[in-house]
Number of protein chains: 2
Amino acid sequence: VTNETLPPGTLMAAELAEQPEVLGRLVARHAADRELVRAIVPRAHAGTVLLARGSSDNVAVYGRYLIEMASRRPAGLAAPSVHTRYQADVDYAGYLVVALSQSGATPEVVETAAAMRRAGAVVIGIANEPGSPLTEVCDLSLLTEAGPELGVPATKTVTAQMLAVAAIAGAYDSELVAAADLAALPGAVTSLLADSGPPGASGPAEAVAGRWADARRLVVTGRGLAYAAALETALKIKETAQVHAEGLSSADLLHGPIAALDSRLPVLLVSGGERFAADETALTARLSAEGVPFAVCGSGPDAELPLPAGSSEITAPILAVVRGQQFALASSLRRGLNPDAPAGLSKVTATH
Amino acid sequence: VTNETLPPGTLMAAELAEQPEVLGRLVARHAADRELVRAIVPRAHAGTVLLARGSSDNVAVYGRYLIEMASRRPAGLAAPSVHTRYQADVDYAGYLVVALSQSGATPEVVETAAAMRRAGAVVIGIANEPGSPLTEVCDLSLLTEAGPELGVPATKTVTAQMLAVAAIAGAYDSELVAAADLAALPGAVTSLLADSGPPGASGPAEAVAGRWADARRLVVTGRGLAYAAALETALKIKETAQVHAEGLSSADLLHGPIAALDSRLPVLLVSGGERFAADETALTARLSAEGVPFAVCGSGPDAELPLPAGSSEITAPILAVVRGQQFALASSLRRGLNPDAPAGLSKVTATH
């Protein structure tokens, strides 16, 4: 069975549906993972660097916020080319490096992780399967064990990576990353999946996809932890629906780039919750005034892509990623595409 | 005299033309600035954090690469919301923070810089004028002294900020950031400006702008230090030409997002020079094969936006930013817009 012989979206929908089970396994392992991390992190912690590419890069953005807040030392994203192209000799003593690769085989991630470890870092690898090259160059591997991902867009491995990152943050601050919040996550994902998902279904994601069926471009925006979910949603739409979707920080969107928006460029706002309420009200007021169509993903009363009320700040971005997956799936099918095999799509080569 | 009463592009062209003089002043100050920085940077250097918004954020990306390579300790970009929205109590002992704000008055940058200093960081502020709020919360201010910027798009202040960042990197490694390379920069900028710039002129930037006059979208891509120039060029085009331009790492572009490209979405590649030659050949071969129009900004023989041969790796991104400014100016004028006052543009509100 290849991706092309199944009805479009079959694999992506099936892999979305596996998420409660995959996340449930990681929640069950959370306390044990936290202790494994505690045993190896640097005592005199200089900072954290997250190393990734593609979808994993968006998980790294989530980790950059969460681990900085939990560890109370600065965190940032690696620029692998400093090592792989400029061959700079950077000292990583005192650093925790979190290297993310679904396959565990992305050559640049594996090579850079190994170099950072030689330069003094403690390296935690997050990969999907045991025995991959990444696991061989790390001090500790946290496997997401989400099973093979057959659809081309990464879905269940992304949310699983986010939970693995939460285990690292939980090692530093088990109050910020509370076990009770994580325990509620698989059930919350089940409730989201119940209102949408299977090809042909009609839920909130399908409704927004229908409203914006003609959009060739899209902005997805958010701040803080929600920024990671916005970036991941933009990437998923780009990969599956041939929409030129761009993820932007809503702090930046309010300045320069808003001038380039117009009524044909809808904006999806991933809410960051209560802390960002004033920012989000200012943004949506401005979008309304300018005639820019928008929709909100969040737990507020006006959210067209609703999240369960009472979601924690830590788990809400994971739920928002699931909503983004549903929206990408619905947008792809609505356009007559097959999200399971976007590489096989014939490209639109316009003739002007 | 307001921006609206002058012929379109008058201010932007005039401010581009001031750059050799502005940069010349900073080059003359370079050795002195380097010593001021050396006197205050942390002895036990844990890492560097760059703090910025908007155009300054793209300069921060340049600084992130350059200071990491020069200081040989990790560098990264701040996420101000960790402080301003989440109120996390992060320890900055051993950190150098470089805070960038053209006005020196961006509230979030000033507030976050002050908090990081209270939390143990040594803070260097880069602003355009003395006496701004940012200079009051820093251990050291490096002023760009580019004079008032009357056009709305930041131009001369951006390239000046890049040179100020180079002075910080030079404090750590005066071989990597060589005085002779910097000394050649103002003359190289003069040579670029000579072939283009004044409204109505016809140089390489005008030629590419003419070729892509109908494009509503654009991707600008690069890797390493050139990535910063790609991001800044995308922002400038977005601000001035109402083109939905997106800056992307060319490492990422080669994976997922390339599927969303087509013949109506041109790609501008900012070359990173010799170290990236293999990457860039692979990318342009792929773009050619897919029928995606592209142009290169660099010092190679095929560059439609040429840079002087023999530009150093450190100054080439500054020259590429100047080419990007020329391209944005030409694209704006070509579309009948006024780049000096984009906020005054009536928005395109389509009626379907």
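Reading guide: rules and limits
Residues numbered from 1 in each chain as written. Chains lettered and ligands numbered in written order. Predicted model: local features only at pLDDT ≥ 70, side-chain atom pairs only at ≥ 80, totals over all residues. Heavy atoms only, no water. Helix = DSSP H or I, 4+ residues; strand = E, 2+ residues; numbered from the N terminus. Rg over C-alpha atoms; globule rule 2.2 N^0.38 Å. Contact = heavy atoms within 4.5 Å. Areas by Shrake-Rupley, 256 points an atom, 1.4 Å probe, with all protein chains shown as cover. Salt bridge = Lys/Arg side-chain N within 4 Å of Asp/Glu carboxyl O. pLDDT = per-residue confidence, 0-100. Buried < 20%, exposed > 50% of the residue type's maximum accessible area, 1.4 Å probe, protein only. Pairing = 2+ DSSP bridges. Axes fitted to C-alpha atoms, helices over the stretch in contact; angles between N-to-C directions. Buried area = accessible area lost by both parts, 1.4 Å probe. Polar contact = N/O pair within 3.5 Å; in protein donor to acceptor, adjacent residues only side chain to side chain. Nonpolar A, V, L, I, M, F, W, Y, C, P; charged D, E, K, R; others polar. Phe/Tyr/Trp six-rings, centres within 6.5 Å; stacked < 30°, edge-to-face > 60°. Lys NZ or Arg CZ within 6 Å of the ring centre and 35° of its normal. Least-squares fit on C-alpha atoms with pLDDT ≥ 70 in both. Parallel < 35°, antiparallel > 145°, perpendicular 65-115°, else oblique. Left-handed = near helix turned anticlockwise from the far one by under 90°. Lys, Arg positive; Asp, Glu negative; His and termini not counted.

Visitor: Report on the overall build of chain A, specifying residues and quantitative values.
Guide: When helices and strands are counted, chain A shows 13 helices and ten strands. In summary, chain A has a C-alpha radius of gyration of 20 Å against a globular reference of 20 Å for 352 residues, a match within 12%. Oriented by its inertia axes, the alpha-carbon framework of chain A measures out at about 55 × 50 × 45 Å. At a minimum sequence separation of 6, the contacts of chain A that also span at least 24 residues come to 77%. Counting only carbon and sulfur atoms, one obtains 55% of the accessible surface of chain A, whose full area is about 12,000 Å².

Visitor: Which residues make up the pattern of salt bridges, and what are the values?
Guide: Across all of its chains, the model carries 44 salt bridges over all chains by this definition. A salt bridge links B:Arg211 to B:Glu304; the shortest N-O distance between them is 3.7 Å. Here the residue B:Arg211 occupies a position in helix H10 (residues 204–211), and B:Glu304 occupies one in the loop between strand E9 (294–298) and strand E10 (305–306), the gap between them amounting to 93 residues. The salt bridge partner of B:Asp279 is B:Arg223, with a shortest N-O separation of 3.5 Å. A residue pair is termed long-range when its members are at least 10 positions apart, and B:Asp279 in helix H13 (residues 277–290) and B:Arg223 in the loop between strand E6 (217–222) and helix H11 (225–241) qualify at 56 residues. Salt bridges sharing common partners tie together A:Arg53, A:Arg85, A:Glu108, B:Arg223, B:Asp252 and B:Asp279.

Visitor: Run through the confidence of the model for chain A, naming residues and quoting values.
Guide: When pLDDT is averaged along chain A, the result is 91; 92% of the residues meet or exceed 70. Across residues 344–352 of chain A, where pLDDT falls below 50, the model places 19 contacts with residues more than four positions away in sequence or in other chains.

Visitor: Account for the environment of B:Tyr227, naming residues and giving values.
Guide: Residue and element names in this part refer to chain B. Positionally, tyrosine 227 belongs in helix H11. Using a relative accessible area of 22% as the deciding quantity, one classes tyrosine 227 as partly exposed. Counting along the chain gives 64 residues from tyrosine 227 to glycine 291, while the straight-line C-alpha distance between them is 23 Å.

Visitor: Kindly report on the sheet that holds strand E7 (residues 244–249) of chain B, identifying the contributing residues and their values.
Guide: Residue and element names in this part refer to chain B. Taken together, five strands build an open sheet; the order of strands is E7-E6-E8-E9-E10 and the sheet is parallel. Every interior strand has two partners, whereas the edge strands, E7 and E10, have only one. Examined bridge by bridge, strand E8 (residues 267–270) and E9 share four bridges and lie parallel to one another. Within E9, the position partnered with valine 267 by the bridge is phenylalanine 294.

Visitor: Tell me about the sheet that holds strand E3 (residues 95–100) of chain A, and name the residues and values.
Guide: Residues and elements named next belong to chain A. If you walk across this open sheet you meet the five strands as E2-E1-E3-E4-E5, and the pairing is parallel. If you trace the sheet from one side to the other, it starts and ends with strand E2 (75–77) and strand E5 (140–143), each paired once. Neighbouring strand axes in the sheet, compared pairwise and without regard to direction, differ in orientation by 20 degrees on average. Examined bridge by bridge, E3 and strand E4 (residues 122–127) share five bridges and lie parallel to one another. Bridge pairing links valine 97 to valine 123 in E4. Most of the contacts of helix H2 (residues 19–40) go to E5, to which it runs at about 170 degrees, and overall it touches E4 and E5.

Visitor: Mind laying out the interface of chain A and chain B, listing which residues take part and the relevant values?
Guide: With 68 residues of chain A in contact, the opposing surface of chain B contributes 68 residues. Of the roughly 5,800 Å² buried where chain A meets chain B, counting both sides, 49% is carbon and sulfur surface. Linking chain A to chain B there are twelve salt bridges. Close ionic contact of A:Arg73 with B:Asp91 constitutes a salt bridge, the shortest N to O distance being 3.7 Å. Where chain A touches chain B, the interface holds 25 residue pairs in polar contact (both at pLDDT 80 or more). Breaking the side of chain A that touches chain B down by element, the ones donating at least two residues are strand E1 (47–51), helix H3 (55–71), helix H4 (80–84), strand E6 (217–222), helix H10 (225–241), strand E7 (244–249), helix H11 (250–253) and helix H12 (277–290) of chain A. In terms of residue class, the side of chain A that touches chain B is made up of 31 nonpolar, 13 polar and 24 charged.

Visitor: I'd love a proper account of the packing of aromatic side chains, names of residues and values included.
Guide: All names here are of chain A. For the structure on display, the rule yields six aromatic pairs over all chains. The interplanar angle of 75 degrees and the centroid separation of 5.8 Å between the aromatic rings of tyrosine 92 and tyrosine 95 together place this pair among those described as edge-to-face. Tyrosine 95 shares its class with tyrosine 92; the two are buried. Directly above the aromatic system of tyrosine 65 lies the positively charged group of arginine 64, at a separation of 5.4 Å from the ring centroid.

Visitor: Got a sec to walk through the relation of the copies chain A and chain B? Specific residues and values, please.
Guide: Laying chain A over chain B is done by rotating through 180 degrees and shifting 0.0 Å along the axis; what remains is an RMSD of 0.0 Å. Taken together, the rotation and translation describe the operation of a two-fold axis. Mapped onto chain B, 100% of the interface residues of chain A are again interface residues, and the two copies thus contact each other with one and the same surface.

Visitor: Quick one: what's the story with unusual backbone geometry, residue by residue and with numbers?
Guide: At A:Glu145, a position not held by glycine, the phi torsion is positive, near 45 degrees. Inspection of the secondary structure puts A:Glu145 in the loop between E5 and helix H6 (156–172). Here the phi dihedral of B:Gln87 falls at roughly 50 degrees; this positive angle occurs in a residue that is not glycine. Checked against the element boundaries, B:Gln87 lands in the loop between helix H4 (81–84) and strand E3 (95–100).

Visitor: Lay out the packing of helix H8 (residues 185–194) of chain A against helix H13 (residues 316–334) of chain A in plain terms, naming residues and giving numbers.
Guide: Residues and elements named next belong to chain A. One can describe the packing of H8 onto H13 by two numbers: an axis separation of 10 Å at closest approach and a directional angle of 25 degrees. Taken as axis vectors, H8 and H13 run roughly parallel relative to one another. As H8 packs across H13, the resulting crossing turns out to be right-handed. Listed contacts from H13 to Leu185, Ala188, Val189, Leu192 and Leu193 of H8 are Ile318, Leu319, Val322, Arg323 and Gln326.

Visitor: Describe the side chain of A:Asp173, naming the residues involved and giving the relevant values.
Guide: Residues and elements named next belong to chain A. As for its placement among the helices and strands, aspartate 173 is situated in the loop between H6 and helix H7 (179–183). Look at aspartate 173: it is buried, it has no salt bridge, and the nearest opposite charge is arginine 72 at 4.4 Å. From its side chain, aspartate 173 meets the backbone nitrogen of leucine 176 in a polar contact 2.9 Å long. Residues in contact with aspartate 173, not counting those within four places in the same chain, are Ala70 and Arg72.

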